[in-house]
Amino acid sequence: MSDDTSTAAPENLEPADPPRAGAWAAVRPLLLRLHFYAGVLVAPFIAVAALTGLVYVWTPQIERALYADLLTVEPGPAAVPLADQVATAADALPGATVVAVRPAHGPGDTTRVLAEAEGLAASHRLAAFVDPHTGEVVGESTSYGSSASLPVRSWLATFHRTLHLGEAGRLYSELAATWVWVVALGGAALWIGRRRRARAVRRVLLPDPSASGRARTLSWHGAVGVWALAGVLLLSATGLTWSRFAGENIGELRQAWGWTSPTLATPAPSDHGDHGGHAGHGDHAGHGVDADAVLAAARDAGISGPVEVTLPVEEGAAYTVRGTDDRWPAHKDAVAVDAATGEVVEELRFTDQPLPAKFATWGIAFHMGLLFGVANQVLLTVVALAVLGLVVWGYRMWWLRRPARAGAWAVGRPAVRGAWWALPWWGRAAVVAAALALGWLLPLFAASLAAFVLVDLALAARARRRAAP
């Protein structure tokens, strides 16, 4: 929404003559008009995504405070064998199948035993929390996803992703992620292009202290937008991987190009539909080794930090142990351990993954505020507040550009028309090709861009009718 069109300039109704001042002079009006429409119409979705994300990013601390009675206990001198903790938790979860355990990692932490049960929503599991020093179950809850997040965290995650409106609600977050990078890049180009004659980095990176009125608002809008650009682009790229339509296309591309994260060949419990005689008991006594021996083998193989041990639920399957430290994804190695011998039969090291898969893992951890802990959370908080400020400044500039004597509810005009015809033929061809390519990858971008064009054409037709007399 950073534009500098004069409020006194009438809106052109005919194609403008091709400019002679270079490519930027031809591209700028089109970019200005796109930035205006996208900013005005999509900014509310971007603001909601930023606000809900701002709350979600601090869920680790919220979760720790709300569920302190489940997550923490008094440190003790010794620990009960992990296998006994699992057995106690299985007795506390009748009718469920214990499938995994997250051993206590630090002093005062509880062991989290996870179980599958009928009637739970998708990706949800039951969780029993065990005092590792006494072996007693201190409480139960539900958990969600691979991070085993507790109810408040999963509720806020769903709120950020769908506003609890189901599949239809996913369109809001996808629309925000689809357009925020377009608005950000376009705004940065307009701001830098506006300042290019100043030949001073300060004019780009810092607001103008001598400006006033709309120019002052524009100065803050442009400078803060440049500072927030990298974070916004990364959040947009990683957010699209979870989206409904673009996420499927991105997943297909990653699969075709070999950019997906590899998995252990050993089947996990969630891959099996029949739990046999183990259902409801979590009894793995038929296997040759227990969870303690499996964890010891994984530690010997170099699996460090907090881990999740996945239990086999049928004969022939192996235990799997994977690192769960999202603060440092390089530690997220995994091994498969033979259930009969306790030997490591397969290893999957993070360092061996394709580079794009590593970037995706790091980027998603950054998006969730988990990378490097509190430092990541503070950075995302700053980015979210910057985005909210950019939205407010953008709407303020729109309001300040409203025509004089046009009434109390008048709003600012968009950039002058004729930008499309001002482009050379090859420029128009390039824009159409880019729009088609992006439309294939980002279907919601194509649909909303078409809506913008139709709105613009309708407004142009109305303006012609008013000007006809």
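Residues numbered from 1 in each chain as written. Predicted model: local features only at pLDDT ≥ 70, side-chain atom pairs only at ≥ 80, totals over all residues. Heavy atoms only, no water.

**Some details on the pattern of salt bridges**
Part 1 of the reasoning: Taken as a whole and assessed by the stated rule, the structure comprises 13 salt bridges.
Part 2 of the reasoning: For R153, the salt bridge identified is with E63, shortest N-O distance 3.4 Å. One end of the pair, R153, is in helix α5 (residues 151-162); the other, E63, is in helix α2 (residues 59-66), with 90 residues separating them in the sequence. No difference in accessibility class separates R153 from E63, as the two residues are buried.
Part 3 of the reasoning: Taking the shortest distance from any N to any O, the salt bridge between E308 and R322 comes out at 3.6 Å. Of this pair, E308 sits in strand β5 (residues 307-310) while R322 sits in strand β6 (residues 319-323); the two residues are 14 residues apart in sequence, bridging distant segments of the chain.
Part 4 of the reasoning: Connected through shared salt-bridge partners, R102, R125, E308 and R322 make up one network. (Salt bridge = Lys/Arg side-chain N within 4 Å of Asp/Glu carboxyl O. Helix = DSSP H or I, 4+ residues; strand = E, 2+ residues; numbered from the N terminus. Buried < 20%, exposed > 50% of the residue type's maximum accessible area, 1.4 Å probe, protein only.)

**Looking at the nonpolar core**
Part 1 of the reasoning: Membership of the largest hydrophobic core comes to 34 residues, with the highest contact counts inside it found for V42, I46, W179, V232, L240 and V387.
Part 2 of the reasoning: At the level of elements, α1 (23-56), α6 (170-195), α8 (213-240), α9 (246-257), α12 (374-400) and α15 (443-467) are the ones that each hand at least two residues to this core.
Part 3 of the reasoning: The leading source of residues in this core is α6, at ten residues.
Part 4 of the reasoning: What W179 contacts, discounting residues up to four positions off in sequence, is L34, A38, V42, F445, S448, L449 and F452.
Part 5 of the reasoning: Counting residues in hydrophobic clusters, the runner-up holds 27 residues, among them A89, A96, V113 and A339. (Core = buried A, V, L, I, M, F, W, Y, C linked by side-chain atoms within 4.5 Å. Contact = heavy atoms within 4.5 Å.)

**Some points on the UniProt feature "transmembrane region" (unreviewed entry) in the chain**
Part 1 of the reasoning: The sites that carry the UniProt feature "transmembrane region" (unreviewed entry) are, in the present numbering, residues 36-58, 175-193, 224-245, 364-394 and 429-459.
Part 2 of the reasoning: As annotated, residues 224-245 comprises 77% helix and 0% strand, and the C-alpha atoms at either end are separated by 31 Å.
Part 3 of the reasoning: Secondary structure across residues 429-459 divides into 97% helix and 0% strand, with the first and last C-alpha atoms of the span separated by 24 Å. (UniProt positions renumbered as here; feature names shortened; annotations may be inferred.)

**So, the packing of aromatic side chains**
What characterises a pair of aromatic rings is the spacing of the ring centres plus the angle enclosed by the ring planes.
Part 1 of the reasoning: Applying the stated criterion across every chain, the model contains twelve aromatic pairs.
Part 2 of the reasoning: Here the aromatic rings of F36 and Y37 are separated by 5.5 Å at their centres, their planes lie at 75°, and the arrangement is edge-to-face. As far as burial versus exposure is concerned, F36 and Y37 are alike and both buried.
Part 3 of the reasoning: Taken together, a centroid distance of 6.2 Å and an interplanar angle of 75° make the contact between F36 and W398 edge-to-face. Of the two residues, F36 sits in helix α1 while W398 sits in helix α12, which places them 362 residues apart along the sequence.
Part 4 of the reasoning: By the ring-pair criterion, three or more aromatic residues cluster together here, those being F36, Y37, Y395 and W398.
Part 5 of the reasoning: One cation-aromatic arrangement involves R244 over F245; the distance from NZ or CZ to the ring centre is 4.8 Å. (Phe/Tyr/Trp six-rings, centres within 6.5 Å; stacked < 30°, edge-to-face > 60°. Lys NZ or Arg CZ within 6 Å of the ring centre and 35° of its normal.)

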